[in-house]
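Listed below are the residues making up each chain.
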Amino acid sequence: MLRRINRWARVKSHPADAVRTLTSKLPATYQPIIRPLIERQSDLFGVPQSAFTGGGTASYARSSFSEDDVIDAEIYAFGSVLIILCISETLRLSHERNDEGEIVTTEEKSCTVRLTYAVPFVEDPDVAEFEKILAEIWNGIEFRDPPSRSRRLREMAQGKQNTTRLPTEGELDAAEALSDKSVRRLAIAIKSSSGLLLGDAPKQIPPRERGRIDAIVQLLIDKGLVDTEIVVICRDSSAQVNRVATADVLNGLDKQGVRCACGRPLSEEKHEKALSVTDFARSMLDGSAWLSILVLQYLLNFGVPIQSVRMEQEYSGEEVDCVAEIYGRLVLFELKDKEFNLGNAYSFGAKVGIFGPDVPVIVTTEKVGADARDHFARSAVADRRSRRYATEDPVGDGGIKFIEGLDSLKVGIEGIVTEIAGAALAPQLRAALSFSSAHPAALLAAWAGVERSSTPE
Ligand SMILES: [Zn+2]
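Being a predicted model, the structure only gives us computed values, none of them experimental.

**Some points on the overall build of the protein chain**
(1) Moving on: Helix and strand counts for the protein chain come out as 15 helices and 14 strands.
(2) Moving on: Against the 2.2 N^0.38 benchmark of 23 Å for 457 residues, the protein chain shows a C-alpha radius of gyration of 32 Å, more extended than a compact globule.
(3) Moving on: Seen through its principal axes, the protein chain has C-alpha atoms that stretch 120 × 55 × 50 Å.
(4) Moving on: When the 457 residues of the protein chain are sorted by exposure, 30% land in the buried category.
(5) Moving on: Long-range contacts, defined here as pairs at least 24 residues apart, represent 73% of the contacts in the protein chain between residues at least 6 apart.

Below is the structure:
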């Protein structure tokens, strides 16, 4: 997995040779990458390092990573964390007329220090030491986390409140239990029956799974999804005449003179155990809420903040199962506890058209049908023709991503988050890497000896 953490600070000015000083102050656990790359290339080309770093801004290969001008950069490998440091300086000129009517140009310099951490794990990396040493060089610098605005999510929600909350332990446990197909099938069968006799339970699951029936029933009871009760069946008519929570209740009813329509005391009738779903189970099964909970939990596990996820809401008249804004990219999830068919493809295609997600994702517990795949392939060709020029690093090929089968759910969501984080990290990495490559003109000038001729040997 991969996460991006951005930190930045505005400073009055940059100390001279700030990056070099920082590198010299850092312990050996921080491996700089750009400077050694320059040294090595300078050796290989046989030209002075000034062809890479000297001679002012002209020798830098520029990147258009932001409005700022990056004036120096370094990359540090720190354990498994990659630290990208970019320092930038922007000169803003403003022209105004003074009282005498003359045009006066004023310069305003804006300096920033940007840190980008590429983190291949969920926990926050320990970078306190790094930022402390940084603060010694840029006196008293204070880093801020850029606010996570989730702009596109807010636009899409049109002022609707985000009702998404963290799943409870019990919900997660139940969702995991229900992700087992046989467990889920039995739960759904119990829900649609008005109390399923225990003896009929094995018929609800595939024959090869029937050996597990006792364990499955027990799991449903343990997770609070299913209650058991006693059904009283009349020995004469074979009709179910009563339901009670436990057999003990029947003795009490006998004493109070409650009897079956046939005249027998209830305790003497046939008793069978029956299963019924709890209200909790209904809430988990309705609209495949258990699947939504699993998707939400995996998103959270892979570092997506809960404010950036919205579950099961209606936007512009469309039911949206799950939408997340991940590093500024809108990801639209469609969840199906069945095969994803052509009809589903049309309806999802309409949602993609309305919301324009960067990454549309279909999660199905089964498969995406061949006709649905064909439909997406055809519309992808049409879409590619009309795709606008993107300034951001693209995520994938712009096509719809399929996650088929629950075994692929975790790894599928991890892959999507990692890919988006990679695309989000790319501009900063590119900006920093550009400092390790020479400007061709500066390199060739050095190679031709132009620089050497001006400094006699
Ligand atoms: Zn009876």
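**Remarks on the sheet that holds strand β8 (residues 240-244)**
(1) Moving on: Sheet architecture is open: 4 strands sit in the order β6-β9-β7-β8, paired in antiparallel fashion. Each having just a single partner strand, β6 (196-197) and β8 make up the two edges of the open sheet.
(2) Moving on: Bridging between strand β7 (residues 226-233) and β8 involves 4 bridges; their strand directions are antiparallel. In the strand pairing of β8, Val-232 is matched with Asn-242.
(3) Moving on: Along the sheet, helix α6 (residues 181-192) makes contact with β6, β7 and β9 (270-277), crossing β9 at roughly 110 degrees.

**Observations concerning unusual backbone geometry**
(1) Moving on: Here the phi dihedral of Ser-316 falls at roughly 45 degrees; this positive angle occurs in a residue that is not glycine.
(2) Moving on: Assignment of secondary structure puts Ser-316 in the loop between β10 (309-315) and β11 (318-326).
(3) Moving on: Residue Ser-316 is classed as exposed on the basis of its C-beta count, with 10 C-beta atoms lying within 10 Å.
(4) Moving on: We note that Tyr-327 has phi near 45 degrees; this positive angle belongs to a residue other than glycine.
(5) Moving on: Relative to the helices and strands, Tyr-327 is located in the loop between β11 and β12 (329-336).

**What about the packing of helix α10 (residues 289-301) against helix α13 (residues 409-433)?**
(1) Moving on: Direction vectors running N to C along α10 and α13 enclose 45 degrees, while the axes themselves pass 10 Å from each other. Here α10 is positioned oblique relative to α13, judged by the angle of their axes. When the axes of α10 and α13 are compared, the crossing they make is right-handed. Contact residues: Leu-294, Val-295, Tyr-298 and Leu-299 in α10; Leu-409, Lys-410 and Ile-413 in α13.
(2) Moving on: Grouping the amino acids of the contact of α10 with α13 by side-chain chemistry returns 6 nonpolar, no polar and 1 charged.

**Considering the sheet that holds strand β1 (residues 3-11)**
(1) Moving on: Sheet architecture is open: 5 strands sit in the order β1-β5-β4-β3-β2, paired in antiparallel fashion. The open sheet has two edge strands, β1 and β2 (30-32), and neither has a second partner. With direction set aside, neighbouring strand axes in the sheet form an average angle of 25 degrees.
(2) Moving on: Pairing geometry for β2 and strand β3 (residues 70-78), over 3 bridges, is antiparallel.

**Quick look at the pairing of β12**
A regular strand places its side chains on the two faces of the sheet in alternate fashion.
(1) Moving on: Of all 8 residues making up β12, 7 are buried, and the element is well covered by its neighbours.
(2) Moving on: Two elements, β11 and β12, share 5 bridges in a ladder whose sense is antiparallel. Note that in β12 the partner of Val-323 across the bridge is Leu-332.
(3) Moving on: Between β11 and β12, which pair antiparallel in sequence order, lie 2 residues; one of them, Tyr-327, sits at a positive phi of approximately 45 degrees.
(4) Moving on: The pairing of β12 with strand β13 (residues 359-364) spans 6 bridges and is parallel. In the sheet register, Val-331 faces β13, and the bridge partner there is Val-359.

**Description of the pairing of strand β4 (residues 81-97)**
(1) Moving on: When β3 meets β4, the two strands line up antiparallel, connected through 8 bridges. Counted as the bridge partner of Tyr-76 is Ile-83 from β4.
(2) Moving on: Once β3 ends, the chain turns through 2 residues before running back antiparallel as β4, passing Gly-79 with a positive phi of about 60 degrees.
(3) Moving on: Hairpin connection, β4 to strand β5 (residues 103-119): the antiparallel pair is bridged by 5 residues, and Gly-101 has positive phi, about 85 degrees.

**Here's the deal with the packing of helix α5 (residues 169-178) against α10**
(1) Moving on: At a minimum axis distance of 9 Å, the contact between α5 and α10 shows a crossing angle of 110 degrees. The pairing of α5 with α10 is recorded here as roughly perpendicular in orientation. In the crossing of α5 with α10, the sense of the turn from one axis to the other is left-handed. Here Glu-171, Leu-172, Ala-174, Ala-175 and Leu-178 of α5 come into contact with α10, specifically with Trp-290, Ile-293, Leu-294 and Gln-297.
(2) Moving on: Per-class residue counts for the contact of α5 with α10 are 7 nonpolar, 1 polar and 1 charged.

Parameters at a glance
Residues numbered from 1 in each chain as written. Predicted model: local features only at pLDDT ≥ 70, side-chain atom pairs only at ≥ 80, totals over all residues. Helix = DSSP H or I, 4+ residues; strand = E, 2+ residues; numbered from the N terminus. Rg over C-alpha atoms; globule rule 2.2 N^0.38 Å. Buried ≥ 20, exposed ≤ 12 C-beta atoms within 10 Å, placed from the backbone. Contact = placed C-beta atoms within 7 Å. Pairing = 2+ DSSP bridges. Axes fitted to C-alpha atoms, helices over the stretch in contact; angles between N-to-C directions. Parallel < 35°, antiparallel > 145°, perpendicular 65-115°, else oblique. Left-handed = near helix turned anticlockwise from the far one by under 90°. Nonpolar A, V, L, I, M, F, W, Y, C, P; charged D, E, K, R; others polar.

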